[in-house]
Amino acid sequence: NQLGVLIGRTRYLIDLREAGEIVTPGNMTQVPLTKPWYLGLTNVRGSLTSVVDYSSFEGGDPTFLDSSCRILAFSNSLSFNSGLLISKVLGLRNADEMQLVDDSEELAALGKTAKPWVLNKFVDADGQIWSQLSLSLLVQDHEFLQIGL
């Protein structure tokens, strides 16, 4: 089982071993001279946690902050005090019940390459597309680690 979340307009599957706390966005302290997708710092159960708008990081629209938004903190096993702002928690999903999609030709036609932290794409029984997001690979990305302007 994996956690299904909506970030912006895209559905993602996140390994439960990489997911930590899911909390409502509280007061976030903005950090000057950081990229627009870096939202700032917040307190998650006594730990200072940086918050990233993943939709904006990927070049999409900024996530609209409303009552269904949550912060998905990274698991302590990743040793990285960060979290993603997500639009909505969609609950547990089983990728084994979905069909694997090969989008490499589509990406090549657009002149793009797959991000290393997006492991697979799936289609569920309702025709919804899900991207499997690896937080452990995301935290190794140079651009993700460089929040300063």
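Conventions used here
- Note on numbering: residues in each chain are counted from 1, in written sequence order.
- Local features are withheld for residues below a pLDDT of 70 in this predicted model, meaning they are given only at 70 or higher, and side-chain atom pairs are given and counted only at 80 or more; totals for whole chains, interfaces and linings count all residues.
- Calculation of side-chain values draws on the structure's entire complement of heavy atoms; hydrogens and water are dropped beforehand.
- Note on conventions: DSSP H or I runs of at least 4 residues are helices, E runs of at least 2 residues are strands, and numbering of each starts at the N terminus.
- Just to be clear, the radius of gyration here is over C-alpha atoms, and the globule rule we use is 2.2 Å times residues to the power 0.38.
- Only protein chains enter the accessibility calculation, which uses a 1.4 Å probe. A residue is then buried if its area is under 20% of the maximum for its type, exposed if over 50%, and partly exposed in between.
- By the convention used here, residues are in contact when the closest approach between their heavy atoms is within 4.5 Å.
- Here the open area of atoms and residues is found with the Shrake-Rupley method and a 1.4 Å probe, where only the protein chains shown may cover a residue.
- We define a salt bridge as a contact between a side-chain nitrogen of Lys or Arg and a carboxyl oxygen of Asp or Glu at a distance within 4 Å.

Draft legend 1. Structural view of the overall build of the chain. Looking only at helices and strands, the chain has four helices and eleven strands in total. Radius of gyration (C-alpha) of the chain: 15 Å, near the 15 Å computed for a compact globule of 149 residues. By principal-axis analysis of the C-alpha atoms, the chain measures approximately 40 × 30 × 30 Å. Within the chain, the proportion of its 149 residues that are buried is 40%. The contacts of the chain with a sequence gap of at least 6 include a subset with a gap of at least 24, amounting to 57%. Total accessible area on the chain stands at roughly 8700 Å², and carbon and sulfur atoms take up 48% of it.

Draft legend 2. Focus on the pattern of salt bridges. Summed over the entire model, instances satisfying the criterion amount to three salt bridges. A salt bridge links aspartate 61 to arginine 9, with the nearest nitrogen and oxygen atoms 3.9 Å apart. Of this pair, aspartate 61 sits in the loop between helix 1 (54–57) and strand 6 (70–74) while arginine 9 sits in the loop between strand 1 (2–7) and strand 2 (10–15); the two residues are 52 residues apart in sequence, bridging distant segments of the chain. A salt bridge links arginine 17 to aspartate 15, with the shortest nitrogen-to-oxygen separation between them at 2.7 Å. Look at arginine 17 and you get exposed, because its relative accessible area is 65%. Assessed through its relative accessible area of 22%, aspartate 15 is described here as partly exposed.

Draft legend 3. How the structure looks around the environment of valine 89. You can see valine 89 is positioned in strand 8 (residues 88–93). As for valine 89 and glycine 4, which are separated by 85 residues in sequence, their C-alpha atoms are 6.4 Å apart. Not counting residues up to four positions away in its chain, the partners in contact with valine 89 are Leu3, Gly4, Val5, Ile22 and Arg70.

Draft legend 4. Highlighting the side chain of glutamine 2. Here glutamine 2 is to be found in strand 1. Beyond its immediate stretch of four places on either side in the chain, glutamine 2 contacts Leu13, Ile14, Asp15, Leu16, Gly91, Leu92, Arg93 and Gln132.

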